[in-house]
Amino acid sequence: METIRFPKDFLFGTATSAAQLEGAAREEGKGLSIWDTFARIPGNIADGSTPENACDLYHRYEEDLDLAQRMNLNSFRFSFSWPRILPEGKGKVNQKGLDYYKRFIDGLWKRNMIPNATIYHWDLPYELERLGGWLNRDVADWFGEYASLLYREFGDAVPMWATVNEPIATYVGYALGGFAPGFRLEKYGRQANHHILLAHGEAIRRFRQENLKESKAGIVVDIWQHYPLRPDNDRDCEIARLENEKTFRSYLNPVLKGCYRQELLQYMEEKDCMPVIKDGDMERIRQPLDFFGLNCYNRVLDCAEPEAVPDRKKNGGNFMENGTEYYPRAVYEAVEMLRKEYQLAIPVYITENGTCNCGEQVQDGGRIRDTQRIEYLRGNLYWIARAMEEGADIRGYYVWSLLDNWEWCAGFESRFGLVHVDFDTQERLVKDSGKWYAQVAGSGEMDWKEGEE
Ligand code: IFM
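Remember, it's a predicted structure, so these values are computed and weren't measured experimentally.

Participant: How should the overall build of the chain be read in this particular structure?
Facilitator: Secondary structure summary: the chain contains 16 helices and 14 strands in total. The C-alpha radius of gyration of the chain comes to 21 Å, within 12% of the 22 Å expected for a compact globule of 453 residues. Summarising its shape, the C-alpha atoms of the chain cover approximately 55 × 55 × 45 Å along the three principal directions. A total of 453 residues make up the chain; the buried ones form 60% of that total. Here the analysis covers contacts within the chain between residues at least 6 apart in sequence; of these, 77% occur between residues at least 24 apart. When the accessible area of the chain is evaluated, it comes to approximately 18,100 Å², of which 47% is carbon and sulfur surface.

Participant: Help me understand the sheet that holds strand β6 (residues 216–222), please; the structure alone is not making it clear to me.
Facilitator: Within a sheet, each strand pairs with its neighbour through backbone hydrogen bonds, oriented either parallel or antiparallel. Spatially, the eight strands close up into a barrel ordered β2-β3-β4-β5-β6-β8-β10-β11, and their pairing is parallel. Pairs of neighbouring strands in the sheet enclose a mean axial angle of 25 degrees, with direction left out of account. Together, β2 (11–15), β10 (348–352) and β11 (394–400) form the strand contacts of helix α15 (residues 371–389), whose direction differs from that of β11 by roughly 170 degrees. Those strands touched by helix α16 (residues 432–443) are β2 and β11, and its axis lies near 150 degrees from that of β2.

Participant: Would you explain the environment of R395 in this entry?
Facilitator: As for its position among the elements, R395 is in strand β11. R395 gets classed as partly exposed once you look at its relative accessible area, which sits at 37%. Sequence separation between R395 and F10 is 385 residues; the distance between their C-alpha atoms is 5.4 Å. Residues within four places of R395 in sequence aside, it is in contact with D9, F10, L11, P347, V348 and Y349. Here the side chain of R395 touches D393 through a polar contact of 2.7 Å, side chain to side chain.

Participant: What exactly am I supposed to notice about the pattern of salt bridges here?
Facilitator: Here the idea is simple: oppositely charged side chains can pair when their charged atoms come close. The tally for this structure, following the rule as stated, stands at 41 salt bridges. In this structure, the salt-bridge partner of E336 is R339, at a minimum N-O distance of 3.4 Å. Of this pair, E336 and R339 both sit in helix α14 (residues 329–341), three residues apart, which is roughly one turn of the helix. Since its relative accessible area comes to 12%, E336 is described here as buried. Note that E390 is salt-bridged to R386, the shortest N-O span being 3.7 Å. Owing to a relative accessible area of 39%, E390 belongs among the partly exposed residues under this scheme. For R386, a relative accessible area of 27% gives the class partly exposed. Sharing partners across several salt bridges, the network here consists of E360, D370, R373, D404, R415 and K431.

Participant: How do you make sense of helix α7 (residues 139–154) when you look at a structure like this?
Facilitator: Turn by turn, an α-helix covers 3.6 residues, leaving residues three or four places apart pointing in a common direction. Compared with the 22 Å implied by 1.5 Å per residue over 16 residues, the 22 Å span of α7 between its first and last C-alpha is a close match. Among the 16 residues of α7, twelve are classified as buried, and the element is accordingly described as predominantly covered. Among the residues of α7, V139, A140, W142, F143, G144, Y146, A147, S148, L149, L150, Y151 and F154 are the ones counted as buried. The positive-phi residue at the C-terminal boundary of α7 is G155, with phi of around 25 degrees.

Participant: Honestly, the site of the ligand in this entry has me stumped. Any pointers?
Facilitator: In the vicinity of the ligand, the contacting residues are Q20, H121, W122, N165, E166, Y297, E352, W400, E407, W408 and F416. A distance of 3.3 Å is found between an oxygen atom of the ligand and a side-chain nitrogen or oxygen belonging to W400. Note that an oxygen atom of the ligand is positioned 2.9 Å from one of the side-chain N or O atoms of W408. Relative to its unbound accessible area of 280 Å², the ligand is 89% covered by the protein chains.

Participant: Explain unusual backbone geometry to me, please; I cannot follow it from the model alone.
Facilitator: Most peptide bonds are trans, and most residues other than glycine sit at a negative phi. With omega at 5 degrees, the peptide bond leading from A180 into P181 counts as cis. For the peptide bond that leads from W400 to S401, omega is 10 degrees, which places it in the cis range. Relative to the helices and strands, S401 is located in the loop between β11 and β12 (419–422). Positive phi, normally seen in glycine, also occurs at E166, with a value near 50 degrees. Residue placement: E166 occurs in the loop between β5 (160–165) and α8 (168–176). Given a relative accessible area of 8%, E166 falls into the buried group. Despite not being glycine, Q343 has its phi angle at roughly 50 degrees, a positive value. Structurally, the position occupied by Q343 is in the loop between α14 and β10. Since its relative accessible area comes to 54%, Q343 is described here as exposed.

Participant: Please clarify how a negative patch on the surface should be interpreted in this entry.
Facilitator: Judged by side-chain charge, E2, E389, E450 and E453 come together as a negatively charged surface patch. With respect to the secondary-structure elements, E450 resides in the segment after β14 (445–448).

About the cut-offs
Residues numbered from 1 in each chain as written. Predicted model: local features only at pLDDT ≥ 70, side-chain atom pairs only at ≥ 80, totals over all residues. Heavy atoms only, no water. Helix = DSSP H or I, 4+ residues; strand = E, 2+ residues; numbered from the N terminus. Rg over C-alpha atoms; globule rule 2.2 N^0.38 Å. Buried < 20%, exposed > 50% of the residue type's maximum accessible area, 1.4 Å probe, protein only. Contact = heavy atoms within 4.5 Å. Areas by Shrake-Rupley, 256 points an atom, 1.4 Å probe, with all protein chains shown as cover. Pairing = 2+ DSSP bridges. Axes fitted to C-alpha atoms, helices over the stretch in contact; angles between N-to-C directions. Polar contact = N/O pair within 3.5 Å; in protein donor to acceptor, adjacent residues only side chain to side chain. Salt bridge = Lys/Arg side-chain N within 4 Å of Asp/Glu carboxyl O. Expected span 1.5 Å × (residues − 1). Near = heavy atom within 4 Å. Patch = residues over 30% accessible without salt bridge, like charges linked within 9 Å, V, L, I, M, F, W, Y side chains within 5 Å. Lys, Arg positive; Asp, Glu negative; His and termini not counted. Charge placed at Lys NZ, Arg CZ, Asp CG, Glu CD.

Everything listed here is a matter of geometry and, on its own, says nothing about what the molecule does.
Structure follows, in structure tokens:
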């Protein structure tokens, strides 16, 4: 048995987002977001729910922050709701929205948790969608103005500012219909992608203008690396390579290198979905960053003939009971890829990592034995520690999520929390994983048996 020790100033936190936890969707002046409206269309959300009440964090944040403090967290990741602050997306400011975030951020500091804020986590104001949303090039300036307002209001009280969480969600919402606002056109997806990247660049540019002395700025990208299921099969390799280009690399290349790669450009040309890219756009997108937020959950294995491969092998073979592959090495491989292929030399935070539905039933004595979640988190922490040992500059780790919450199209059916939420009563119950994580966060260390990886 060895003990894995994380550095003294390593951040242990949980990640959350406004639309998924706050609720109070129509209270105190908040405008509607595209998810408030999208969720009301029958068939869009698995259980027919909406983010109207979610975890009611808006009203219960004091007790939830107490809970996070009792779990020994020294940082907390949250997002601002754009329509709570600017109900129409631009123009008139909702003071009550600003007041809420002021109280929230004060609450974090009071409990010694470093605020790690995201400016945009998918909840575009509906009023902006009526103007074309992420398809309207002006959105980059609207976003920039919103970001500037946040910097001026909260400035150095927030030491970590991420512009956008997982820009791919915008693609999914405009190209695949799976997310709000529900369009299904590849051309829309690629254009929306380009605009959200412009918005990111604009927000970083404005961040520098504010000259905040104590704060850093970055972006959060999720990396699900695709691999060929059969490494010796050319077609599997080809699919995996193109999928990587179309997904996370379509963000990494513009943000870190200031270009779209030839393979993606060719794909967009062939599929007639090339976005309008104006002179100077790529420079506007590629801004120096202070940190990189990596969301990593798993890898994806691609196969040209899935029907020819036995089921359990389609995705590797080592499965958890929730049907997902147990492959914690994915996080190590993502960090390695960033270092080797992108020469990333800024601090990395693992801004999300977690798994859902791991035996969530409340058992005798009010206990939730989510053993597989503990295994998953342990495995990921092991591989993070290993990457650090090999020189990766990883400064923190955030479990998705503190509470079970509103998981977008899965509604309340996908539970990711370290803390169980009864959505009828809003009662909270710390799961076994929450108790385990509290212990790791408190001690900064974890036991590990060789061979467990
Ligand atoms: O709930 C989401 C979150 O909003 C973005 N990253 C993935 C999480 C789990 O699916």
